[in-house]
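Notes for the structure review
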Amino acid sequence: MPAERISLRSALLNFFFPPLCFCCGALVTSQTDTLCPQCRVRTTLLTTDDPLFSLAWSRICGDGLCEDLVSGFRFEKDGPVQALLHALKYRGGEHVGRSLGAEVGALVRERAWAPALDMIVPLPLHKAKFRERGYNQAEQCALGIAAVLGVPVRRSGVRRIRWTRSQTTLAYAERQENVDAAFVVSPGEQEFLRGKKILLVDDVITTGATIRACATALARCRPGGLYVASIALAEQ
Ligand SMILES: [Zn+2]
């Protein structure tokens, strides 16, 4: 499409659907911006020496189930990251997911193991949940990461077979019990995954119990390595 047609299209889009900050509602300059500059500075980027990161890393990677963890932000109640993740889940978050995924993809790219990845697997939703929402928010994030890394997203490999009751009121050990055996890899896929280096993606990780349950199902196929990325980590 010629450049002037693109700018006319975006001008019309901005006129009829002014791009707004997902947190405070202020006007932002382009359709690709998800936060205004004031809300953007209020986001907390996670560093690998953050205690929240260390705890999640040891839960997910400490026993060798997964090789490494990458996460972009600290999830803070009523903060801009919560607003973005809420939009991702409940407001048809394709654009938010791609944008957050691109940011986390840039962090993944810095890891030494990133060039060896064979595929990205979004944490699957149970099909009843998928029908209700119409999309999988983890998949939207995975697509954003995939665009940065140039690695394909594999959707069909793993399925969520158990409907788990709400996790929020459960303690860590109970959560693990609640999600164990919730995921299966289809028989046709098991051979394909053998020896592959897989990046497993979710939007938010709290205790790591769900991601571990999914990683455990994948590990039975003897992949070449399991890695985990999330947009945010939340305190329990
Ligand atoms: Zn704002």
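Look up: the structure comes first, before these words.
The text that follows walks through the structure, step by step, so that each part is easy to find.

Thresholds, definitions, all that
Residues numbered from 1 in each chain as written. Predicted model: local features only at pLDDT ≥ 70, side-chain atom pairs only at ≥ 80, totals over all residues. Heavy atoms only, no water. Helix = DSSP H or I, 4+ residues; strand = E, 2+ residues; numbered from the N terminus. Buried < 20%, exposed > 50% of the residue type's maximum accessible area, 1.4 Å probe, protein only. Polar contact = N/O pair within 3.5 Å; in protein donor to acceptor, adjacent residues only side chain to side chain. Contact = heavy atoms within 4.5 Å. Pairing = 2+ DSSP bridges. Axes fitted to C-alpha atoms, helices over the stretch in contact; angles between N-to-C directions. Donors = N, O, S within 2.8 Å, 3.2 Å for Na, K, Ca; no water. Tetrahedral: all angles 85-135°; square planar, octahedral: opposite > 155°, others 65-115°. Phe/Tyr/Trp six-rings, centres within 6.5 Å; stacked < 30°, edge-to-face > 60°. Lys NZ or Arg CZ within 6 Å of the ring centre and 35° of its normal.

Now for the side chain of R74. Among the structural elements, R74 can be located in strand β1 (residues 68–75). Overall, R74 belongs to the buried group, its relative accessible area being 18%. At 3.0 Å, the side chain of R74 forms a polar contact with the side chain of E235. Not counting residues up to four positions away in its chain, the partners in contact with R74 are T44, L46, D50, L52, V81, L233 and E235.

Pairing is parallel in the open sheet, where 4 strands are placed in the order β1-β6-β5-β2. Edge positions in the sheet fall to β1 and β2 (119–122), since each of these pairs with one other strand and no more. Here the average twist between neighbouring strands, direction ignored, is 20°. In terms of strand pairing, β2 meets strand β5 (residues 197–205) through 4 bridges, oriented parallel. Across the sheet, the residue bridging to V121 is L200, located in β5. Most of the contacts of helix α5 (residues 94–109) go to β1, to which it runs at about 135°, and overall it touches β1, β5 and β6 (225–234). Contacts from helix α10 (residues 209–219) reach β5 and β6, with the element oriented near 165° to β5.

What follows concerns the coordination of the zinc ion. Only C21 (SG), C24 (SG), C36 (SG) and C39 (SG) from the protein reach the zinc ion as donors, at distances of 2.3 to 2.4 Å. Given 4 donor atoms and angles of 105 to 115° at the metal, the environment of the zinc ion is assigned as tetrahedral. When the donors of the zinc ion are listed by position in the chain, the intervening gaps give C-x2-C-x11-C-x2-C.

Right, let's get into the pairing of β1. In terms of residue burial, β1 counts as a mostly covered element, since 7 of its 8 residues are buried. Note: β1 against β6, 7 bridges, orientation parallel. Following the sheet pairing, F73 is matched in β6 by A232.

Glancing now at the side chain of Q137. Position of Q137 relative to the elements: it lies in helix α7 (residues 137–149). Separated by 2.5 Å, the side chains of Q137 and R133 make a polar contact. If sequence neighbours within four positions are ignored, Q137 has contacts with L88, K89, L125 and D203.

As enumerated under the stated definition, the model contains 1 aromatic pair in all. Measuring from centroid to centroid gives 4.3 Å for W113 and Y227, while their planes differ by 25°, and the two rings are stacked. Pair noted here: W113 is in the loop between α5 and β2 and Y227 is in strand β6, with a separation of 114 residues, a long-range link. Looking at R154, its charged tip hangs above the ring of F192, at a distance of 4.0 Å from the centre. Lying across the ring of F192, K196 places its NZ or CZ 4.4 Å from the centre.

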